[in-house]
Amino acid sequence: MSAHPLGPSQRTEALDRLGSDEFDILVIGGGVVGAGAALDAATRGLRVGLVEARDYASGTSSRSSKLFHGGLRYLEQFNFSLVFEALRERSLVLNTLCPHLARPVPFIYPLRTRFDRAYAGLGIGVYDVMGAGRGVPGHHEHLGRGRTLESFPSGSSAIRGAIRFYEGQVDDARHTMTLIRTAAHFGASCANSTRVTGFLRDGDRVVGARVRDLESGRQFDIRARQVINATGVWTDETQGMAGGRGKFRVRASKGVHLVVPRDRINSSTGIITRTEKSLLFVIPWGSHWIVGTTDTDWSLDLAHPAASRADIEYLLGHVNTLLADPLTADDVVGVYAGLRPLLAGESDSTSKLSREHAVANPVSGLTVIAGGKYTTYRVMAKDAVDLAVQGLNRAVPASCTERVPLLGADGYPGAWNNRRRSAESSGLAVATIEHLLGRYGTLTDELLDIVAQRPELGVPLSGAPEYLKVEAYYAASHEGARHLEDVLTRRTRISIEVADRGTAAAREVADLVAPVLGWGEADIAREVAHYDARVAAERESQHQLDDYTADAARLGAPDVRLGVS
């Protein structure tokens, strides 16, 4: 069985199956947990469907800190079980599941007082022992001031030393999309731009969902013996469609991240430090740094959470306490905001709400999964499917996803070792092959085959030279991208990595994907205009003083998928 593409024809076939077959499991939500649930169910031999209203990973799962980590702050809450579980999952993704997408990254925890070394050293030491160094190159190490500033020359004079340790990093949107593609490889019928508008009922039991294809406007029913609601921050809204009372409530917490050029901070490692509210990360990201995050309650638009000027100033203020040469707003290339789906609790502070997940059957035939964190997606997915299959009234194999590598992982170490030969045979630079291997793993051969047939696609995009033209083409032909925004914000990271946020590359990319997606000149113009409006609205929102005005500014650009009448 070849790697399953998610191109336009495969989406059409998936929609046909969704409308005609009866499924064992229908998953609602194409974020990391929904994608993980679809893969978990499909690898148990079940008939699986998945629908996503927007694009795969378009919500929280493309807007995280892009780390697989145990969560140091949960040690302070004495939540050892969550930390241990997360560190185990970190090891799995780094070693087995997707070594082409996730990699270990060194970090330092700067120390500014003598108390810091004892306090942080104990916490990181426990963290390290719990992880047992699994999946990372080494254990934690204490550094004096001299060695700290050798690794972090941009550090301020207040830094007395540091503790060095490792975390795992991943491109969250690519990882989630690859989960979807792997689920499709095992037989799942997956469709994005497909919104659930209501549930089908047989008496008190949920027996499927009514959906609308937002590309064509067609409505149809999907019949399923069990439905899994994995809609993250939309959980309450989706639960409401089923009637009855939900078993739990989800509260959204906004996390904002800034992207700045790599040359503005001179460091060979990432940096993690405490703020009065949570942890601040400075994360290496190719030719950039990601600085985040905030942790504030959010009750406004869930699809497009907006970063305000106050959010940006908060992050700059905290990161600048670490830097000898402070960052300014002019250094910020990109900004993104995501929402954490926290299980609502008694506390007024979102940073104290539980990151643990919960699974329930609020209505017969419907399983709801909520809470959790990106790192533990696989455990969440397993738990959701475990509960759902109890309603199938037949023997179902146990979860096996801890032994199922994602597409592109099989043979990856060998492909990496052969990268120079691949460069010679393809005519591309070794650095280009390394870039492709880090995004596609052994699926890189699919892109190289396209370049062999169409050499004009083997050159960089003029508006975003860190990416090849073939990557934009492949996003539409193999990775399920339906709109220009999908390519520029999730299949690539052009929207946050280029100073103009992708506006210069927009027309170029639209021309590349137009033949794949069947666009005419009017479609191309509409897609480019929409993307330009999105960038303008985001920029405007980031000049506003507070959440309310930022939200109003961001909503000035409509969702590209809401234009279907």
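None of the values given here were measured: they were computed from a predicted structure. (Residues numbered from 1 in each chain as written. Predicted model: local features only at pLDDT ≥ 70, side-chain atom pairs only at ≥ 80, totals over all residues. Heavy atoms only, no water.)

## Section: the overall build of the protein chain
- Looking only at helices and strands, one finds 20 helices and 20 strands in the protein chain.
- Computed over C-alpha atoms, the radius of gyration of the protein chain comes to 23 Å, within 12% of the 24 Å expected from 2.2 N^0.38 for 565 residues, which places it in the range of a compact globule.
- Overall, the C-alpha framework of the protein chain stretches about 65 × 55 × 50 Å when taken along its three principal axes.
- Among the 565 residues that make up the protein chain, the fraction classed as buried is 62%. (Helix = DSSP H or I, 4+ residues; strand = E, 2+ residues; numbered from the N terminus. Rg over C-alpha atoms; globule rule 2.2 N^0.38 Å. Buried < 20%, exposed > 50% of the residue type's maximum accessible area, 1.4 Å probe, protein only.)

## Describing the side chain of Arg490
- Its place among the elements puts Arg490 in helix α16 (residues 484-491).
- Judged by relative accessible area, Arg490 falls into the buried class, the value being 4%.
- A polar contact of 2.7 Å, which involves the side chain of Arg490, links it to the side chain of Asp55.
- Ignoring anything within four residues of it in the chain, the contact list for Arg490 reads Asp55, Tyr56, Ala57, Ser58, Ser62, Ala173, Arg174 and Glu485. (Polar contact = N/O pair within 3.5 Å; in protein donor to acceptor, adjacent residues only side chain to side chain. Contact = heavy atoms within 4.5 Å.)

## Examining the packing of aromatic side chains
- For the structure shown, the criterion picks out 4 aromatic pairs.
- Seen from their ring centres, Phe68 and Tyr374 are 5.8 Å apart, and the 65° between their planes marks the pair as edge-to-face. With Phe68 in strand β3 (residues 67-68) and Tyr374 in the loop between β18 (366-371) and α10 (377-389), the pair connects residues that are 306 residues apart, well separated along the chain. Across the pair, Tyr374 and Phe68 agree in class, each one buried.
- Residues Tyr440 and Tyr474 carry aromatic rings whose centres are separated by 5.5 Å and whose planes lie at 90° to one another, so their mutual orientation is edge-to-face. (Phe/Tyr/Trp six-rings, centres within 6.5 Å; stacked < 30°, edge-to-face > 60°.)

## Overview of the nonpolar core
- Leu484, Val509 and Trp519 are the most contacted members of the largest nonpolar core, which has 46 residues in total.
- Broken down by secondary-structure element, the contributors of at least two residues to this core are α11 (412-417), α13 (430-440), α14 (444-453), β20 (464-468), α15 (469-477), α16, α18 (503-517) and α19 (521-541).
- Residues in contact with Leu484, not counting those within four places in the same chain, are Ala506, Val509, Ala510, Trp519, Glu527, Val528 and Tyr531.
- Of all hydrophobic cores here, the second largest spans 43 residues; its members include Ala41, Val48, Leu50 and Ala384. (Core = buried A, V, L, I, M, F, W, Y, C linked by side-chain atoms within 4.5 Å.)

## A look at unusual backbone geometry
- Geometrically, the link from Gly292 to Thr293 is a cis peptide bond, its omega value of 15° lying close to zero.
- Within the secondary structure, Thr293 sits in the loop between β14 (288-292) and β15 (296-297).
- Phi at Lys66 is positive, roughly 65°, even though this residue is not glycine.
- Phi is positive for Arg501, which is not a glycine, with a value near 60°.
- Along the polypeptide, Arg501 turns up in the loop between α17 (494-497) and α18.
- Judged by relative accessible area, which is 7%, Arg501 ranks as buried.

## Thoughts on the environment of Ala472
- Within the element layout of this structure, Ala472 appears in helix α15.
- For Ala472, a relative accessible area of 1% translates into the label buried.
- Residues Ala472 and Val513, spaced 41 residues apart in sequence, show a C-alpha to C-alpha distance of 6.8 Å.
- Ignoring anything within four residues of it in the chain, the contact list for Ala472 reads Val487, Val509, Leu512 and Val513.

## Regarding the confidence of the model for the protein chain
- When pLDDT is averaged along the protein chain, the result is 91; 92% of the residues meet or exceed 70.
- Taken together, the stretch residues 346-354 has pLDDT below 50 and engages in 22 contacts with residues farther than four places along the chain or on a different chain. (pLDDT = per-residue confidence, 0-100.)

## Comments concerning the side chain of Gln542
- Among the structural elements, Gln542 can be located in the loop between α19 and α20 (547-554).
- You can call Gln542 buried: its relative accessible area is 10%.
- Here Arg501 takes part through its side chain, which lies 2.9 Å from a polar atom of the side chain of Gln542.
- Not counting the four nearest positions on each side in its chain, Gln542 is found in contact with Ala307, Ser308, Arg309, Ile312, Val335 and Arg501.

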